[in-house]
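Architecture at a glance
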Amino acid sequence: MWIILCTVVLFCLLFRSQRKRIFASLLTRTSMIHNEKVRPQKLEMFGQLKSIKSCDPKLRESNEIRILEIGAGTGANFEFYPKNCRLVVVEPNSFCEKFLRENAEKYPGIKIEKYVVKPAEEITNDDVKFGSFDAVVSTLVCCSVDNLSATYQLVKNALTPGGRYIFLDHILHPPPAKLHYVQRFLDFTGIWGAIFDGCKLSRSLEKTVLNQGFDNVKTYTFYLETDTLLSIWSFVKIHVYGTAFKPKSNS
Ligand SMILES: C[S@@+](CC[C@H](N)C(=O)[O-])C[C@H]1O[C@@H](n2cnc3c(N)ncnc32)[C@H](O)[C@@H]1O
């Protein structure tokens, strides 16, 4: 068991670019499984987007909204988007683009305005127009970014004043459950991150998001249904989802 694990970790560390390619090709399948597990939560989160009126007068006329999705992967969330939307994607893994565009063909209501191959932390106003997004979406991304504050800063920069951020992620299980210590061990040793493209298990995102200067932050924690103790999903059993708003003014 340990020999297999060490070989996998070593392979992942030695072949970083291959890891990204493999990760992208596996993402469509794993996202589908994940979507089934979190369907009620995603329906609730994304359902809120239907009532938004765009800050862009032209889009308001055509009943469309503009969304920025951070770390969109291969487009796991497309099935939950409102019918008429313009989408800008920020995704550092270039191998995801082909799968995402293929997936988008199934959803004619989604127009991809721009696909930016960069990490969220490095996005500037030249990459995406700050203040022009009615909503920002991230699912299973804040567990992976290197710099959480810079990522939340992008969310605030991108949103129009009063704009909505919706998010979902797995989080650190509270102690004294065994899972808490297993998650910390897998992060401390770097094993989990090496296999899952930099993902971290031990982030308390339900708390972190509260201190980022958003208004009206709402978070809800829930547990995934997992079949066996050793299923991959049992390591990310506890999730958070929620909404936060960019303040309407600086005061
Ligand atoms: C587990 S996948 C989730 C994909 C998709 N959002 C979903 O829910 O299935 C994590 C995604 O975050 C992306 N990612 C990792 N670090 C990132 C960063 N710094 N900025 C933006 N996206 C990032 C990865 O490339 C990957 O596509």
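Structure's up top.
Bear in mind the structure is a predicted one, so any value in this text is a computation, not a measurement.

Criteria and thresholds
Residues numbered from 1 in each chain as written. Predicted model: local features only at pLDDT ≥ 70, side-chain atom pairs only at ≥ 80, totals over all residues. Buried ≥ 20, exposed ≤ 12 C-beta atoms within 10 Å, placed from the backbone. Helix = DSSP H or I, 4+ residues; strand = E, 2+ residues; numbered from the N terminus. Pairing = 2+ DSSP bridges. Right-handed = clockwise from strand over helix to strand, strands pointing away. Arc of directions from axis to C-beta. Axes fitted to C-alpha atoms, helices over the stretch in contact; angles between N-to-C directions. Contact = placed C-beta atoms within 7 Å.

1. A few points about the pairing of strand E4 (residues 133-139)
Of all 7 residues that make up E4, 7 are buried, and the element is covered over most of its length. Examined bridge by bridge, strand E1 (residues 65-70) and E4 share 3 bridges and lie parallel to one another. Looking at E4, one finds that Ile67 is bridged to Ala135. Sheet topology places E4 next to strand E5 (residues 159-170); 6 bridges connect them, and they run parallel. The residue of E5 that forms the bridge with Ala135 is Arg164. Note on the crossover from E4 through helix H5 (residues 148-158) to E5: the handedness is right-handed.

2. Description of helix H4 (residues 96-104)
By the burial criterion, the buried members of H4 are Cys96, Leu100, Asn103 and Ala104. Angular distribution of buried residues about the axis of H4 spans 100°; they occupy a single face of the element. Along H4, exposed side chains directed more than 90 degrees from the buried face belong to Lys98 and Glu102.

3. Overview of the sheet that holds E5
Taken together, 7 strands build an open sheet; the order of strands is E3-E2-E1-E4-E5-E7-E6 and the sheet is mixed. On the outer flanks of this sheet lie strand E3 (110-116) and strand E6 (215-223), each paired with one strand and no other. Across the sheet, the mean angle from the axis of one strand to that of its neighbour is 15°, orientation sign disregarded. Of the strands in this sheet, E1, E4 and E5 touch H5, which is tilted by about 145° from E5.

Treat this as a map of the structure, not an account of what it does.
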